[in-house]
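A look at the structure
Each chain, letter by letter, is given below.
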Amino acid sequence: MTMTESETTTSPQTPSPEIGRARLRKEDQRLITGRTRFTDNIQLTGMLHLSMVRSPFAHARITSVDAAEAKQAPGVVAVLTGADVADSQGALPCAWPITEDQLAADHPAIAVDRVAFAGEVVAVVIARSPAQARDAAELVDVDYDELPAVLDLRKAAADETLAHPDLGTNRSATWVFDSKEAGTGTDVEDTIRDAEVLIEREYRQQRLIPSFMEPRSTVVDPTTEQVTMWSSTQVPHILRLMLAMTLGVSESKVRVIAPDVGGGFGGKLQVTPEEVITFLAARHTGKPCKWTETRSESLLAGHHGRDQWQKLTLSASKDGTVQGLKVELLADMGAYLGLVTPGVPILGAFMYNSIYKFPAYHFSCTNVFTNKTWTDAYRGAGRPEATFAIERLMDDLADELDMDPLELRRKNWITHEEFPFDTVAGLQYDSGNYEAATERAVELFDYESLRSEQAQRRANNDPVQLGIGVSTFTEMCGLAPSRVLGALSYAAGGWEHADVRVLPTGKVEVVTGVSPHGQGHVTSWSQIVADRLGVDFDDVEVLHGDTQSSHKGMDTYGSRSLVVGGQAVVNAADKVIEKARPLAAHMLEASVDDLEFERGKFTVKGTDQGIALGDLAFAVFHAHDLPDGMEPSLDADATFDPVNFSFPHGTHLCAMEIDTETGASRMRSYVCVDDIGNVINPLIVEGQVHGGLVQGISQALWEEAVYDDNGTLVSGSFVDYTLPTSADTIDFVTDRTVTPALSNDLGVKGVGEAGTIASTPAVVNAVLDAIRHLGVRDIVMPCTPERVWRAIQDGASAAGPVDGADPTTADAMPHFEAAAPNQAPPGDSHTGAPDGADR
């Protein structure tokens, strides 16, 4: 994949020895040579193993659980049912009640008398080996009285069938933002009434499944006074707190360790039933216990993502100036509310207006229960959904006005002279330059040449048509400002903590409250501290992911690690310098005001007198000659709580070729130019961008969680839940412009979710652009060859759902009878990832 090093910057960062250097990651040598310590690698003396017994029904009463035969099976130590732990398991936490009247059903780790989705745990077998536990789990006899299940999101909103009958409704909460009421804009209904041009569209965000490399795993050791849990989690600090609150144990008696974690994508931002069950099992047996999921368990019972119906209304003038935007969402919560489930679609509320100057805006979202696996954060969390909708809508408006989609965006976006800019959604964008990013993307993409080729193919009625997709996006990153989170009723803050310790030898330890799972924090933090303190990159050690050594933190999600956690490291390092300054003055017999600190050394202004930080560290260690009142320590800690989010942005351009005879698609080229502020390590940034691009492209073309009419997940393996391989992608052309963030000293904005947020609409817009002249206005994602083919056949009616059918149920999906799981429709020359026949 190709990276061009652009000279297009609006505020170049100052060169420094480490920041901006494309260093190989410190972590990689250990990871690629097999010296990892994933949770499943952990072996403890006398350890027992767990296997979950899961409901095959989407909704049913549990009439009996007979574990007698399982208890007699070889190696079995115990079997626990919901009834056994009903008084001790509590209810799994939801940290984000978005409204005061939000409704929620208690979510038990082990179901007691009713199951609400297929895959819910009804019992756990504890045995001496994993195989013995799995075999005995087959012997647990559970009787169910099946109940009506609601699977269709729209039908659920109508309360035709109830996911939780005791709630009396499937509607959990409705959250509303109105620019007139908030004082950030005018009345959107006025703009709709007076509109010269009115665009109304409905879009479908299909259900996705986080597919991290390492399956979830948990080990609990109860054999000491302090219970230790190792878990493949993104949130060890939050997990520790929630375990204590849920199970009624002292937080000081719980230690949580996130060892090497093989990816997360939001799928490990959770307090899971299995973590609670493993804790209960260890406490019950008094022995260490381990649970590691199978891949099918991960797809079935780990939380899912996305799953929304979006209705948008855009008003504009005839010259293309946007006037108002109204957004109405139905969001599928699944069966329960997870840690941040209800707040995920609300995060998108502030991004539907995107980079455009809408005078009026109204947003409403109704969260709805169904009898499917619960949803929660998935890479981007609400912001990809918002970007998809507004970028689709802008393309539709451009088509209505017969304007070039880029020209329409230029007409309506915030110009770089207008920053900082107060948006109609109530945020203040601190910096940006959409013009520079777009100009560079257009240049790299050869936009005009591709438009000419597209026109030629249309004129020739070529069976393979060319489409060009545009996505100009921004997002809110650094999920952090505690006051903002409080105003949104989130239960926690967004601050981050760091400690910096200068050891007697001059080496440095950094303890961070964020918890990496592939992002390269150890490398980036080492570069930051090496520059700040003037020490060698290899002399910095970064500790993380253990609540014993890292006692405070808010963990990793929402592209917050560098923006918030990195700034906490900077602040702690600066405190070290200031703490050392009086000692340096004392030893140099100079005034504090006469000292300068640069590249790890204090010097007296105008002289060559100086002393290195490492020498000061040893002087503090022996403490023989310290200034009066100085404590013998150069250690410092800092907690940083930003006053604003950060706002990366970019322009993504995609060219797709569509075979109109088969529906097959082929990506011709993809260019993205992102502005993520200053860059600590370009190599790490490229990895994040490339991974994000593939994840967003995969939503556009391949991925979808599908249920049958009974609520059974039929895309429950990687045979049917189609993920792309490296063979299914092309070389991306990536570049950057730089406008530093103003919300932190590093000037960084965040990059972990940018590619995923921007790429999905770019690809779908390209697919539609190729066949829009054939009467196609919409294709429900993923844009598989069969859906594209049917859309072309149907013309203006497109390939959307019929009569309100929900495309996440298998019967609503068109399919070719002759298509095998790894084949496209007959005659298809599709070379991308295979399209499952059961879609």
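Residues numbered from 1 in each chain as written. Predicted model: local features only at pLDDT ≥ 70, side-chain atom pairs only at ≥ 80, totals over all residues. Heavy atoms only, no water.

1. Quick look at the overall build of the chain
The line we're drawing: Strands here mean DSSP runs of E at least two residues long; helices mean DSSP runs of H or I at least four residues long; both are numbered from the N terminus. Our radius of gyration is a C-alpha quantity, and the globule rule it is checked against amounts to 2.2 Å times the number of residues to the power 0.38. For every residue, the accessible area obtained with a 1.4 Å probe (protein chains only) is divided by the maximum for its type, and the residue is called buried under 20%, exposed over 50%, and partly exposed between those limits. We call two residues in contact when some of their heavy atoms are within 4.5 Å. Using a 1.4 Å probe, accessible areas were evaluated by the Shrake-Rupley method; residue-level cover was limited to the displayed protein chains. In this tally, Lys and Arg are treated as positive and Asp and Glu as negative; His is ignored, and so are the chain termini. The atoms used to mark charge sites are NZ of Lys, CZ of Arg, CG of Asp and CD of Glu.
A count of helices and strands for the chain gives 22 helices and 29 strands. For the chain, the C-alpha radius of gyration of 28 Å lies close to 28 Å, the compact-globule estimate for 839 residues. Taking the principal axes of the C-alpha coordinates as reference, the chain spans close to 85 × 75 × 50 Å. Relative to its full complement of 839 residues, the chain shows a buried share of 63%. A separation of at least 24 residues holds for 79% of the contacts in the chain among residues at least 6 apart in sequence. Put simply, the chain shows about 29,700 Å² of open surface, and 48% of that area lies on carbon and sulfur atoms. Considering the chain, the positive charge centre built from 67 side chains and the negative charge centre built from 121 side chains are found 2 Å apart.

2. Notes on helix α4 (residues 130-137)
Under the convention used in this document: It is the directions from the helix axis to the C-beta atoms whose arc is reported.
Among the residues making up α4, those that are buried are Ala133, Ala136 and Ala137. Summarising the axial view, the buried residues of α4 lie within an arc of 105°, below the 170-degree limit, and thus occupy one face. Looking at the packing, one finds that the buried side of α4 touches β2 (48-54), α2 (68-71), β4 (76-81) and β6 (121-127).

3. Focus: the confidence of the model for the chain
Filter applied, for reference: As a per-residue quantity, pLDDT reports the predictor's confidence and falls between 0 and 100.
Across the chain, the average pLDDT comes to 93, with 93% of residues at 70 or higher. pLDDT under 50 marks residues 5-15. Its contacts with residues more than four places away, or in other chains, come to 22 contacts. Low pLDDT (under 50) marks residues 798-839, which in the prediction has 114 contacts with non-local residues, meaning those over four places away or in another chain.

4. Overview of the pattern of salt bridges
To keep things clear, this is the line we draw: The salt bridge criterion pairs a side-chain nitrogen of Lys or Arg with a carboxyl oxygen of Asp or Glu, the two atoms within 4 Å.
Considering all chains together, one arrives at 54 salt bridges under this definition. One salt bridge in this structure joins aspartate 546 and arginine 255, with 2.7 Å as the shortest N-O distance. Taken together, the positions of aspartate 546 in the loop between β22 (540-543) and α18 (561-588) and arginine 255 in strand β12 (residues 254-257) put the pair 291 residues apart, joining distant regions of the chain. Look at aspartate 546 and you get buried, because its relative accessible area is 12%. Under the relative-accessibility criterion, arginine 255 is labelled partly exposed at 23%. A salt bridge links arginine 440 to glutamate 443, with the nearest nitrogen and oxygen atoms 3.2 Å apart. In this pair, arginine 440 and glutamate 443 are both assigned in helix α14 (residues 434-445), three residues apart and thus about one turn of the helix distant.

5. Regarding the nonpolar core
Convention followed: To form a nonpolar core, buried Ala, Val, Leu, Ile, Met, Phe, Trp, Tyr and Cys residues must be joined to one another through side-chain atoms within 4.5 Å.
Grouped together as the largest cluster of nonpolar side chains are 145 residues, with contacts concentrated most on Leu314, Leu325, Tyr352, Phe363 and Tyr670. A total of nine residues in this core trace back to one element, the largest contributor, which is helix α12 (residues 383-401). When neighbours within four sequence positions are excluded, tyrosine 670 is seen to be in contact with His652, Leu653, Cys654, Leu693, Ile697, Ile730, Phe732, Val733, Ala758, Ser759, Ala762 and Val763. Listed in part, the 48 residues of the second largest apolar core include Ala573, Ala619, Leu626 and Leu634.

6. Overview of the sheet that holds strand β3 (residues 60-66)
Backbone hydrogen bonds hold the strands of a sheet together, and the pairing may be parallel or antiparallel. To keep it simple, the criterion reads: Pairing between strands is defined by DSSP: at least two bridges between them are needed.
Reading across from one edge, β5-β3-β7 is the order of the three strands in this open sheet, with antiparallel pairing throughout. Two strands close off the open sheet at either side, each with one partner strand: β5 (114-115) and β7 (141-146). In this sheet, β5 lies alongside β3 in antiparallel orientation, the contact comprising two bridges. Directly across from alanine 60, in β5, lies its bridge partner valine 115.

7. Some points on the pairing of strand β23 (residues 595-598)
Walk down a regular strand and you will see the side chains alternate between the two sheet faces. Burial along β23 is one-sided: the residues Leu595 and Phe597 are buried and none of Glu596 and Glu598 is. Pairing between β23 and strand β24 (residues 601-604): four bridges, direction antiparallel. Directly across from leucine 595, in β24, lies its bridge partner valine 604. Connecting the antiparallel pair β23 and β24 is a turn made up of two residues, with arginine 599 showing a positive phi of about 50°.

8. Some thoughts on the sheet that holds β4
The cut-off we apply is this: Axis definition: a line fitted to C-alpha atoms, over the contacting stretch in the case of helices. Angles run 0 to 180 degrees between N-to-C directions.
Read from one edge to the other, the open sheet built from seven strands follows the order β4-β6-β2-β13-β10-β11-β12, with strand pairing classed as mixed. Of all the strands in the sheet, the pair left with one neighbour each is β4 and β12. Direction aside, the axes of adjacent strands within the sheet are offset by 20° on average. As defined by bridge partners, strand β11 (residues 227-231) adjoins β12 across four bridges and the pair is classed as parallel. Counterpart to tryptophan 230 in the pairing with β12 is isoleucine 257. Strands in contact with helix α8 (residues 236-247) are β11 and β12; relative to β12, the strand with the most contacts, it is inclined by about 150°.

9. Things to note about the pairing of strand β15 (residues 322-334)
The element β15 is extensively covered by neighbouring structure, given that 11 of its 13 residues are classed as buried. One ladder, built from nine bridges, connects strand β14 (residues 305-316) with β15; its direction is antiparallel. Bridging from a neighbouring strand, glutamine 308 pairs with alanine 331 of β15. Connecting β14 to the next strand, β15, in antiparallel fashion are five residues, including glycine 320 with a positive phi near 95°. As judged from the 10 bridges shared by β15 and strand β16 (residues 360-369), these two strands associate in the parallel manner.

10. Side note on the packing of aromatic side chains
In plain terms, the rule: Aromatic pairs are defined between Phe, Tyr and Trp rings, using the six-membered ring for Trp, whenever the two ring centres lie within 6.5 Å; interplanar angles under 30 degrees are classed as stacked, those over 60 as edge-to-face, and all others as tilted. Distance and angle both matter: a charge sits over a ring if NZ of Lys or CZ of Arg is within 6 Å of the ring centre and within 35 degrees of the ring normal.
As enumerated under the stated definition, the model contains 16 aromatic pairs in all. Pairing tyrosine 203 with phenylalanine 388 gives two aromatic rings, centres 6.0 Å apart and planes at 80°, and the pair type is edge-to-face. Separated by 185 residues along the polypeptide, tyrosine 203 in strand β9 (residues 197-208) and phenylalanine 388 in helix α12 bring together distant segments of the chain. Since its relative accessible area comes to 1%, phenylalanine 388 is described here as buried. Put simply, the rings of Trp175, Phe350, Tyr352 and Phe363 pair up and form one aromatic cluster. Over the aromatic face of phenylalanine 537 sits the side chain of lysine 26, whose NZ or CZ is 4.6 Å from the ring centroid. Its end group placed over the ring of tryptophan 309, arginine 154 keeps NZ or CZ at 3.7 Å from the ring centre.

11. Here we look at the state of the cysteines
Disulfide: a covalent bond formed between the sulfur atoms of two cysteine residues. Filter applied, for reference: In plain terms, two cysteine sulfur atoms within 2.5 Å form what is called a disulfide here.
Taken as a whole, this structure holds zero disulfides when the rule is applied. Cysteine 783 supplies the cysteine sulfur nearest to cysteine 654, a cysteine that is in no disulfide, at a spacing of 11 Å. Since its relative accessible area comes to 0%, cysteine 654 is described here as buried.

12. A short note on the side chain of aspartate 546
What counts here: Pairing of N or O atoms within 3.5 Å defines a polar contact, subject to two protein rules: one partner must be a possible hydrogen donor and the other a possible acceptor, and residues neighboring in sequence count only if both atoms are side-chain atoms.
In this structure the side chain of aspartate 546 is engaged in a polar contact, spanning 2.7 Å, whose partner is the side chain of arginine 255. Among the polar contacts listed, one links the side chain of aspartate 546 to the backbone nitrogen of glutamine 548, at a separation of 2.8 Å. Setting aside residues no more than four positions away along its own chain, aspartate 546 makes contact with Arg255, Val256 and Ile257.

13. Details of unusual backbone geometry
Between phenylalanine 419 and proline 420 the backbone carries a cis peptide bond, its omega angle lying at -5°. Here proline 420 is to be found in the loop between α13 (405-412) and β17 (421-422). Following methionine 781, the chain continues to proline 782 via a peptide bond in cis, the omega torsion being 0°. Assignment of secondary structure puts proline 782 in the loop between α21 (754-771) and α22 (785-794). One non-glycine residue with positive phi stands out, namely aspartate 307, at about 70°. Within the secondary structure, aspartate 307 sits in strand β14. Of note in this structure, aspartate 446 is not a glycine but carries a positive phi near 60°. By the element assignment, aspartate 446 lies in the loop between α14 and α15 (447-459).

14. Comments concerning the side chain of arginine 736
Residue position: arginine 736 is located in strand β29 (residues 733-736). Among the polar contacts listed, one links the side chain of arginine 736 to the side chain of glutamate 686, at a separation of 3.4 Å.

15. Details of a negative patch on the surface
The test is simple: Excluding any residue in a salt bridge, patches collect residues exceeding 30% relative accessible area, merging like charges within 9 Å and nonpolar Val, Leu, Ile, Met, Phe, Trp and Tyr side chains within 5 Å.
Judged by side-chain charge, Asp66, Glu69, Asp141 and Asp143 come together as a negatively charged surface patch. One can find glutamate 69 in helix α2. Judged by relative accessible area, which is 52%, glutamate 69 ranks as exposed.

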